[in-house]
Each structure stands twice: as C-alpha cells, then as structure tokens.
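# Tertiary structure, described
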Amino acid sequence: MEKETAFRGEVYKAARRIPKGKVTTYGELARLAGRPGAARAVGFFMKTNPYAPKVPCHRVVASTGALTGYSARGGLKRKRALLVREGVKFEGGRVDMGTSLWKGNGN
DNA sequence: AAACTGACTTCTC
DNA sequence: GGAGAAGCCAGTT
C-alpha cells in the first residue's frame, strides 16, 4: 500500500504531533488534517497506517474518550495499557477528557 | 465509475 | 449517560 494521498500525509503528520501522555479524537485529527468531519476516514488511516511506530495511533480515541479499534496485537487492551503507561488518565474505562485530551490547535 | 465498508460524530429517545 | 438511527469522508473492490 504505497498510495500516499495528501490527506493521508496530513493525518499522519498531525498524529505524530500528539505529545506523550495525551490523546486526541479522530474528529480533531481530521480537522488538523484539513478535513473536519472526516473522522471516519482518519480511523481508516490508523487501521492501515504504514507508519506504525511513527504514528502513535493508540493516542487517538473517540470523541467521548472511549477507546475504539486497534489493529496491533492485544487490541483495545494493549491500547489502554499503552495510554496508561504514558500517563493518560482513565475514568470508568474511558480517557479522562479535559485532562488528557490534547488540542493541536495552539500549535 | 458505482457500491460497500469502516478504529467516527451527532441527534433523539 | 446509554441505545438506536442518520450523516460524513476516504479507501478498497
């Protein structure tokens, strides 16, 4: 899969900007990529992301802070473990929005 | 080119 | 806040 479209590049670039211990939503990522509303497409890129170690796809969660799919081994369990290890706060199995939510706006 | 699918988001009950 | 339905976008077949 070497079909790198401009949008894909933007999404991956934005995802790499996510600081450690923080998480962002697919919608926000899509917005940073320049296509607000393309949250669904963003999720697709994470699933088929050719830059697994470069793109911290595990730092991308749903708007409600709930963790969604994860292609890598371990699935959502692994994803949650990674976030917790990085210092992300969890509330009732969901990411603590307002505390560990990163906004790439000010950058 | 058309249709289907998917790691989403938002509205309403 | 949880469950159900509709709308969106891009990629894949």
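Below: a short report on this structure. (Residues numbered from 1 in each chain as written. Chains lettered and ligands numbered in written order. Predicted model: local features only at pLDDT ≥ 70, side-chain atom pairs only at ≥ 80, totals over all residues. Heavy atoms only, no water.)

### Some words on the packing of aromatic side chains
If you walk through the whole model with that rule in mind, you get three aromatic pairs. Residues Tyr12 and Tyr51 carry aromatic rings whose centres are separated by 5.2 Å and whose planes lie at 65° to one another, so their mutual orientation is edge-to-face. With a gap of 39 residues between them, Tyr12 in helix 1 (residues 6-16) and Tyr51 in the loop between helix 3 (39-47) and strand 2 (60-61) connect regions that are remote in the sequence. The class for Tyr12 is buried, based on a relative accessible area of 3%. By the ring-pair criterion, three or more aromatic residues cluster together here, those being Phe7, Tyr12, Phe45 and Tyr51. Directly above the ring of Phe90 sits Arg80, whose terminal nitrogen or CZ lies 5.9 Å from the centroid. (Phe/Tyr/Trp six-rings, centres within 6.5 Å; stacked < 30°, edge-to-face > 60°. Helix = DSSP H or I, 4+ residues; strand = E, 2+ residues; numbered from the N terminus. Buried < 20%, exposed > 50% of the residue type's maximum accessible area, 1.4 Å probe, protein only. Lys NZ or Arg CZ within 6 Å of the ring centre and 35° of its normal.)

### Describing the side chain of Asn49
Mapped onto the elements of the fold, Asn49 is located in the loop between helix 3 and strand 2. Apart from the residues lying within four places of it in its own chain, the contact partners of Asn49 are Tyr12, Val55 and Cys57. (Contact = heavy atoms within 4.5 Å.)

### Quick look at the nonpolar core
The biggest cluster of nonpolar side chains holds 20 residues, and the ones touching the most others in it are Phe7, Val11, Leu29, Val42, Phe45, Met46 and Val60. Elements represented by at least two residues in this core include exactly helix 1, helix 2 (26-33) and helix 3. Ranked by residue count, the leading element in this core is helix 1, at five residues. Filtering out sequence-adjacent residues up to four positions away, Val42 remains in contact with Val11, Tyr26, Leu29 and Ala30. (Core = buried A, V, L, I, M, F, W, Y, C linked by side-chain atoms within 4.5 Å.)

### Digging into the packing of helix 1 against helix 2
Viewed as axis vectors pointing N to C, helix 1 and helix 2 meet at an angle of 120°, and their least axial separation amounts to 8 Å. In terms of orientation, helix 1 and helix 2 fall into the oblique class. Note that helix 1 runs across helix 2; the crossing there is right-handed. Contacts from Phe7, Glu10, Val11, Ala14 and Ala15 in helix 1 reach Leu29, Ala30, Leu32 and Ala33 in helix 2. (Axes fitted to C-alpha atoms, helices over the stretch in contact; angles between N-to-C directions. Parallel < 35°, antiparallel > 145°, perpendicular 65-115°, else oblique. Left-handed = near helix turned anticlockwise from the far one by under 90°.)

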